[in-house]
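Fold and geometry: a report
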Amino acid sequence: MARRKSWLFLSLLAASAWQGLVISLVQHYGVETFRWIAPVTAVIIPPLAWVTFRATAVRAFDPAHDALHLLPVGFTVFCVVFAPVALDIVVPGVFLIYGLAILMALGAGSDGLPMMRLETGDLPRRIWAGIALALILSAFSDGLIAMTQMMDAGWLRPWIISVFSSLSLGIIGMLSLSQSLTTDAPESAPDISPQDVQRDSDVMARLKHLMTSEQLFLDPDLTLVRLSKRLRVPAKQVSAAINRATGQNVSRYVNEFRIRYACDRLKADEPVTLAMLNSGFNTKSNFNREFLRVMGCAPSVWISENRPP
């Protein structure tokens, strides 16, 4: 999975960087050849962002299915050759549609991204929300350009293109590599039937066995999909059971086991960084955030209060 994430994200970043270069060549150097290439290379970004999102966060990469997202690129090529006037609608439309599609797909919350490592918490969802907003921002800039043409204010076009394109493409690049973290409040559980209660109880009992006896939480690459396969229960059912039983999402549930395991390691005089890595975390920032949430204080404070003199 890491390799798939790598080449897809690198492709997205490369496409964004290339589009920035094309815009620069057109706006600042007047290279006419690239003026016709720019719309085509631009519409590669939104479908590629969508495919990257789906393949790294939701389901496995499917070349046959994902190849359908080349259709907007092909249609843009058709418009460049036969209907250039339509590009003012097609290009921003592609950016807007894919940006909104990603935002809608994120509505399920962090547990709706079963391919992502649970250790990352809510970070992937927020990164993808930022990328989706960047796509929508690009569509908005194209709309402004069309308005300037209607208002005979063409002198504003280079400024709009430069500012909005640089900003939106920069956001895509920075958010793809972002390490900032935030948290969400747990979702409230809806009313459920007695059958659901019993099914949730069975899932939670088996899940607790995996956590306590097999210490599955120590796997830093643990995902909702992997957890679902071990339980032989659909991912959505696992997520719903945890949410209804604990009021937490899957990531927070697993991270509580990791933090309590880390506390045992810290009591044994293990260095904080080593305890962090040995308990299933990969980043110090996420470890500190989850430690504060679970234990109510920073690791350094907890150590001073709990380690024997």
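Whatever comes next refers back to the structure up there.
Summarised in this report is the structure supplied together with it. Bear in mind the structure is a predicted one, so any value in this text is a computation, not a measurement. (Residues numbered from 1 in each chain as written. Predicted model: local features only at pLDDT ≥ 70, side-chain atom pairs only at ≥ 80, totals over all residues. Heavy atoms only, no water.)

With that settled, the discussion passes to the packing of helix H12 (residues 250-267) against helix H14 (residues 284-295). Look at H12 against H14: their axes get within 9 Å of each other, and the N-to-C directions meet at 90 degrees. Relative to H14, H12 is oriented roughly perpendicular. Of the residues in H14, those touching H12 at Arg-252, Asn-255, Glu-256, Ile-259, Arg-260, Ala-262, Cys-263 and Leu-266 are Phe-287, Glu-290, Phe-291, Arg-293, Val-294 and Met-295. In the contact of H12 with H14, the residues fall into eight nonpolar, one polar and five charged. (Axes fitted to C-alpha atoms, helices over the stretch in contact; angles between N-to-C directions. Helix = DSSP H or I, 4+ residues; strand = E, 2+ residues; numbered from the N terminus. Parallel < 35°, antiparallel > 145°, perpendicular 65-115°, else oblique. Contact = heavy atoms within 4.5 Å. Nonpolar A, V, L, I, M, F, W, Y, C, P; charged D, E, K, R; others polar.)

Below, the discussion takes up the side chain of His-69. The residue His-69 is located in the loop between helix H4 (63-66) and helix H5 (71-82) in this model. Here His-69 falls in the buried class, since its relative accessible area comes to 16%. Here Tyr-98 takes part through its side chain, which lies 2.8 Å from a polar atom of the side chain of His-69. Ignoring any residue separated from it by four or fewer positions in sequence, one finds His-69 in contact with Pro-47, Trp-50, Val-51 and Tyr-98. (Buried < 20%, exposed > 50% of the residue type's maximum accessible area, 1.4 Å probe, protein only. Polar contact = N/O pair within 3.5 Å; in protein donor to acceptor, adjacent residues only side chain to side chain.)

Attention shifts here to the state of the cysteines. Here a disulfide denotes one covalent bond, and it connects the sulfur atoms of two cysteines. Applying the stated criterion across every chain, the model contains zero disulfides. Sulfur of Cys-263: no disulfide; nearest cysteine sulfur belongs to Cys-297 and is 8.1 Å away. Exposure remark for Cys-263: the relative accessible area of 5% places this residue in the buried category. For Cys-297, a relative accessible area of 13% corresponds to the buried category. (Disulfide = S-S within 2.5 Å.)

What follows covers the packing of aromatic side chains. On inspection of all chains with the given rule, the structure shows 10 aromatic pairs. When the centroid spacing of 5.3 Å and the interplanar angle of 65 degrees are considered together, the rings of Phe-53 and Trp-128 count as edge-to-face. Placement of Phe-53 in helix H3 (residues 45-58) and of Trp-128 in helix H7 (residues 123-150) is noted, with a sequence separation of 75 residues between them. This pair shows no difference in class: Phe-53 is buried, exactly as Trp-128 is. Seen in terms of ring centroids, Phe-78 and Phe-82 are 5.1 Å apart; in terms of plane orientation they differ by 40 degrees. Their pairing is tilted. Here the residue Phe-78 and the residue Phe-82 both occupy positions in helix H5, the gap between them amounting to four residues, near one helical turn. Given the relative accessible area of 43%, Phe-78 is considered partly exposed. Here the aromatic cluster, defined as three or more aromatic residues joined through ring pairs, consists of Phe-217, Tyr-253, Phe-257 and Tyr-261. (Phe/Tyr/Trp six-rings, centres within 6.5 Å; stacked < 30°, edge-to-face > 60°.)

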